[in-house]
Each structure stands twice: as structure tokens, then as C-alpha cells.
Amino acid sequence: MAGQKIGYVRVSGIDQNTDRQLDGIELDEIFTDKITGKNLDRPELQAMLRFVRKGDELFVHSMDRLARNLVDLRQMVQDLTDRGVIVIFVKEGLTFTGDDNALSLLLLSVMGAVSEFERSVIRERQAEGIKIAKSKGVYKGRGAALTGEQIEQAQKMASTGVPKARIARELRVCRETVYKYLRIDQRVSSCT
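Student: Can you help me understand the overall build of the protein chain in this one?
Tutor: Of the regular secondary structure elements, the protein chain holds seven helices and five strands. The helix and strand sequence of the protein chain, counted from the amino end, reads β-β-α-β-α-α-β-β-α-α-α-α. Taken over C-alpha atoms, the radius of gyration comes to 20 Å for the protein chain, far larger than the 16 Å a tight globule of 192 residues would show. Its C-alpha atoms put the protein chain at 65 × 45 × 30 Å along the principal axes. Only carbon and sulfur atoms are counted for the fraction: they give 51% of the accessible area of the protein chain, which is about 12300 Å².

Next comes the structure, spelled out in C-alpha cells:
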């Protein structure tokens, strides 16, 4: 049974470009997340997982685009191939069908572990850099996610019963950011 060619693309931030991923591959449908890959709570990933069917081919630029830790990567590939979906990692040149040999599974594990290791090293370096900057008194912290105007917009929307998820989508931030700013506003209001 011939299925569709589905693409999954992920970058970590909304300002990052997705053009290089899956460039030149003819796809029937593409799902794109612009969010961290640290967990599986990604809207387009979940939509893709609901969408794919037996006989479909899922194209992903590289393993770290699908999952940033080995457990999630292995589980997702296993679940997809169990459902009859062929998973193709373009950069690594690996294809998983469910009838995979021991070498393919070893490569999945090793390359997935390398991706997880890279993420850990990046986080360690980040923490070291922040510590050094703080000791020099130059660390300013992360900038505000929302402007004053956006905070007012979020407050108005929330006061009229608009769901926090919708507010987050409209402001192009995660839901937790909306909750954080609304909590800060409530604390300030109760103190005055």
C-alpha cells in the first residue's frame, strides 16, 4: 500500500530558518515546529503523529530534529514503525521500517546518544558562561518575552475568558510564559 511522503521539520526558535531541512524532497504534507526539542510536547510533532498512517514515509532532516534524548528517539521510531510508518533520517542516511537489522538499531542508539550528549554539553557551557558573567557583574539575564503592550493584551484576553493556549499562540510564546506574566500581574495587583 503506497502512502504519503510526510516531512517533519524542527528548529529551536521562531527566528530560525527551516529552509535547509528537507530541501529538494517532494512531500505531500509537512509539519514544522519552532520550539525546543527537549521534550515531546510540541504541537506540530503531535499533529504529525496523529496524521501519519500505515504505508506513509516520514522524512526528518536528522535525528536531533525528532528528539533530543535517546529514550524519546528510540520510543518514537519504534512506535512509528510498529504502526507501519517508514522513518527516514536524511542527514544520517538511515531508514527504519520495523524490520531493521541489529546494525541499524545500534546506529540509532549511538547517534541518538551523541545528540543527547551534545545537548548536555551545550547546557553545561551555557551555565558556565552565565556563572562567569554573573561574577563579573555583566549578566543581565534573558530579556523580557513580552512587551508592555503584549502583557496588556494578554491581560485583556484572559479577563474575557480567552484560553491561555490561544493567547500564547497569538503572542507567539509558550503557554507557561503567558501564565508567568499573568501571575506577576496578579501579585502586583494584590500588593497595591
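Student: What is the right way to read the confidence of the model for the protein chain from this model?
Tutor: Low pLDDT marks regions whose predicted coordinates should not be analysed in detail. Across the protein chain, the average pLDDT comes to 87, with 95% of residues at 70 or higher. The least confident element of the protein chain, judged by mean pLDDT, is helix H7 (residues 175-191) at 69; the most confident is strand E3 (residues 57-60) at 97. A low-confidence stretch, residues 187-192 (pLDDT under 50), is modelled with zero contacts involving residues beyond four sequence positions or located in other chains.

Student: What am I meant to see in the pairing of strand E4 (residues 86-89) here?
Tutor: Residues in a regular strand project their side chains so that they alternate between the two faces of the sheet. Here E3 pairs with E4 via four bridges, running parallel. By the bridge assignment, glutamate 57 is partnered in E4 with isoleucine 86. With three bridges connecting them, E4 and strand E5 (residues 94-96) associate as antiparallel partners. What sits directly across from valine 87, in E5, is phenylalanine 96.

Student: I would appreciate a short explanation of the sheet that holds E3 in the present structure.
Tutor: Spatial strand order, E2-E1-E3-E4-E5: five strands in an open sheet with mixed pairing. Each edge of the sheet is formed by a strand with only one pairing partner; in this case those strands are strand E2 (29-34) and E5. Strand-to-strand, the axes of this sheet are offset by a mean angle of 20°, without reference to chain direction. One ladder, built from four bridges, connects strand E1 (residues 5-11) with E3; its direction is parallel. Looking at the pairing, isoleucine 6 lines up with leucine 58 of E3. Contacting E1, E2 and E3, helix H1 (residues 43-51) crosses the sheet at an angle of about 155° to E2. Packed onto the sheet, helix H4 (residues 102-135) meets E4 and E5 and runs at close to 115° relative to E5.

Student: Explanation requested: the packing of aromatic side chains in the structure shown.
Tutor: Aromatic ring pairs: the centre-centre distance and the angle between the two ring planes describe each pair. Applying the stated criterion across every chain, the model contains two aromatic pairs. Between the aromatic rings of phenylalanine 89 and phenylalanine 96, the centroid separation amounts to 6.0 Å while the plane-to-plane angle is 70°, which identifies the pairing as edge-to-face. The residues phenylalanine 89 and phenylalanine 96 share a single accessibility class, namely buried.

Student: Hey, could you run me through the pattern of salt bridges in this one?
Tutor: For side chains bearing opposite charge, pairing can occur when the charged atoms are close. Evaluated as defined, the whole model comprises four salt bridges. Note that aspartate 64 is salt-bridged to arginine 65, the shortest N-O span being 3.4 Å. Overall, arginine 65 belongs to the buried group, its relative accessible area being 10%. Across the pair aspartate 64 and arginine 68 runs a salt bridge, and its minimum N-O distance is 3.9 Å. The pair formed by aspartate 64 and arginine 68 is uniform in burial state, with each residue classed as buried. In this structure, a network of salt bridges that share partners links the residues Asp64, Arg65 and Arg68.

Rules used in this analysis
Residue positions are counted from 1 within each chain, in the order its sequence is given. With the structure being a predicted model, the display of local features is reserved for residues of pLDDT at least 70 and the display and counting of side-chain atom pairs for 80 or more, all residues being used for whole-chain, interface and lining totals. To get the side-chain values, all heavy atoms of the structure are used, and hydrogens and water are removed first. A run of DSSP states H or I qualifies as a helix once it reaches four residues; a run of E qualifies as a strand once it reaches two. Both are numbered from the N-terminal end. Atoms considered for the radius of gyration are the C-alpha atoms alone. The globule rule reads 2.2 Å times the number of residues to the power 0.38. To be clear on the numbers: accessible area is Shrake-Rupley with a 1.4 Å probe, and residue cover counts the displayed protein chains and nothing else. Predictor confidence is given residue by residue as pLDDT, running from a minimum of 0 to a maximum of 100. Two residues form a contact once any of their heavy atoms are found within 4.5 Å. At least two DSSP bridges between two strands are required for those strands to pair. In this description, a line fitted to the C-alpha atoms serves as the axis of each element, helices being fitted only across the stretch in contact, and the angle between N-to-C directions of two axes falls anywhere from 0 to 180 degrees. The criterion for an aromatic pair is that two Phe, Tyr or Trp rings (for Trp, the six-membered ring) have centres within 6.5 Å, with stacked assigned to planes under 30 degrees apart, edge-to-face to planes over 60 apart and tilted to the rest. Only protein chains enter the accessibility calculation, which uses a 1.4 Å probe; a residue is then buried when its area is under 20% of its type maximum, exposed when over 50%, and partly exposed in between. We define a salt bridge as a contact between a side-chain nitrogen of Lys or Arg and a carboxyl oxygen of Asp or Glu at a distance within 4 Å.

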